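Residue-level structure breakdown
The residues making up each chain are set out below.
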Amino acid sequence: MMTINVVLVMIIGFAGGLAVGSGFVAFLAVLGIIPRLTQLTKTMKMIHHYEAAVVFGALAGGLASLWNPVLFFTPYILIPLGLAAGVFVGMLAAALTEVLNVFPILAKRIGVDGKIAILLMAFVFGKVIGSLFQWIYFVNR
């Protein structure tokens, strides 16, 4: 009876992983996030590095969620790693909003058509202040 439960959980987990992985790949492929990101940053020659980073990041995230590793790094290593990860995620999010034309539509709806740069900076500063507030106030509590 216990073997059937284990096999069933393995099959459900594998099927769920396939579904999420397929959705992630479809999301990146259909919307053209990575090509648009390389176009925005003028790094088209490095598109294979972007793709590899996304694949290895997804694999590392999957493995980390299974094993829950604890890494004992010094803050001098963690600060640049966190900054690089934040920049990459931010650039992916920016490419996604660029592809979907989110900001021009939002700017038109709230009536700031000619001031999209100010709208973008408001989002950026809001994200930075929110992240700092979370880290300063909630970490170690």
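Keep in mind the model is a prediction, meaning the values are calculated, not measured.

1. What about the packing of helix H2 (residues 33-41) against helix H3 (residues 47-67)?
The contact between H2 and H3 brings their axes to 10 Å, and the two run at 130 degrees. Viewed along their axes, H2 and H3 adopt a mutual orientation that is oblique. Between H2 and H3 the crossing geometry is right-handed. On H3, the residues touching Ile 34, Pro 35, Leu 37, Thr 38 and Thr 41 of H2 are Ile 47, Tyr 50, Glu 51 and Val 54. Among the residues forming the contact of H2 with H3, the class breakdown is six nonpolar, two polar and one charged.

2. What to know about the layout of surface pockets
For the largest pocket, the calculated volume is near 930 Å³. Forming the walls of the largest pocket are 25 residues, and the residues nearest its centre are Gly 86, Val 89, Gly 90, Val 124 and Lys 127. It is helix H4 (residues 75-100) that provides the largest number of residues to the lining of the largest pocket, a total of twelve residues. Each residue belonging to the lining of the largest pocket can be placed in one class, and the counts come to 17 nonpolar, six polar and two charged.

3. Digging into the packing of helix H5 (residues 102-110) against helix H6 (residues 116-138)
Describing two packed helices takes the angle between their axes plus the distance from one axis to the other. The interhelical angle for the contact between H5 and H6, taken along N-to-C directions, is 105 degrees, at an axis separation of 10 Å. When the axis of H5 is compared with that of H6, the two are roughly perpendicular. Here Phe 103, Pro 104, Leu 106, Ala 107 and Ile 110 of H5 lie close against H6, whose contacting residues are Ile 116, Leu 119, Leu 120 and Phe 123. Here the residues of the contact of H5 with H6 sort into nine nonpolar, no polar and no charged.

4. Digging into the packing of aromatic side chains
In the structure shown here, the tally under the stated rule is two aromatic pairs. Where Tyr 50 meets Phe 88, the ring centres are 6.5 Å apart and the plane angle is 25 degrees; that geometry is what we call stacked. Here Tyr 50 is found in helix H3, whereas its partner Phe 88 is found in helix H4, with 38 residues between them in sequence. The exposure class assigned to Tyr 50 is buried, which follows from its relative accessible area of 13%.

5. Notes on a nonpolar patch on the surface
Among the surface-exposed residues, Met 121, Val 124, Phe 125, Val 128, Ile 129, Leu 132, Trp 135, Ile 136 and Val 139 lie close enough to one another that they form a single nonpolar patch of about 910 Å² accessible area. In this fold, Ile 136 is placed in helix H6.

6. Observations regarding the UniProt feature "transmembrane region" (unreviewed entry) in the protein
What UniProt calls "transmembrane region" (unreviewed entry) maps, in this numbering, to residues 6-34, 46-67, 73-96 and 116-138. From the first C-alpha to the last, residues 6-34 spans 38 Å; its make-up is 97% helix and 0% strand. From the first C-alpha to the last, residues 116-138 spans 32 Å; its make-up is 100% helix and 0% strand.

7. Some details on the side chain of Thr 38
On the secondary structure map, Thr 38 appears in helix H2. The exposure class assigned to Thr 38 is buried, which follows from its relative accessible area of 0%. From its side chain, Thr 38 meets the backbone oxygen of Pro 35 in a polar contact 2.7 Å long. Once residues within four sequence positions are removed from consideration, Thr 38 is found in contact with Thr 43, Met 44, Ile 47 and Tyr 50.

Calculation notes
- Residues numbered from 1 in each chain as written.
- Predicted model: local features only at pLDDT ≥ 70, side-chain atom pairs only at ≥ 80, totals over all residues.
- Heavy atoms only, no water.
- Axes fitted to C-alpha atoms, helices over the stretch in contact; angles between N-to-C directions.
- Helix = DSSP H or I, 4+ residues; strand = E, 2+ residues; numbered from the N terminus.
- Parallel < 35°, antiparallel > 145°, perpendicular 65-115°, else oblique.
- Left-handed = near helix turned anticlockwise from the far one by under 90°.
- Contact = heavy atoms within 4.5 Å.
- Nonpolar A, V, L, I, M, F, W, Y, C, P; charged D, E, K, R; others polar.
- 1 Å grid on protein atoms, 1.4 Å probe; cavity = no way out; pocket = protein on both sides within 12 Å on 5 of 7 lines; lining within 4 Å.
- Points joined across faces, edges and corners; volume = space filled by probe spheres on them.
- Phe/Tyr/Trp six-rings, centres within 6.5 Å; stacked < 30°, edge-to-face > 60°.
- Buried < 20%, exposed > 50% of the residue type's maximum accessible area, 1.4 Å probe, protein only.
- Patch = residues over 30% accessible without salt bridge, like charges linked within 9 Å, V, L, I, M, F, W, Y side chains within 5 Å.
- Areas by Shrake-Rupley, 256 points an atom, 1.4 Å probe, with all protein chains shown as cover.
- Salt bridge = Lys/Arg side-chain N within 4 Å of Asp/Glu carboxyl O.
- UniProt positions renumbered as here; feature names shortened; annotations may be inferred.
- Polar contact = N/O pair within 3.5 Å; in protein donor to acceptor, adjacent residues only side chain to side chain.

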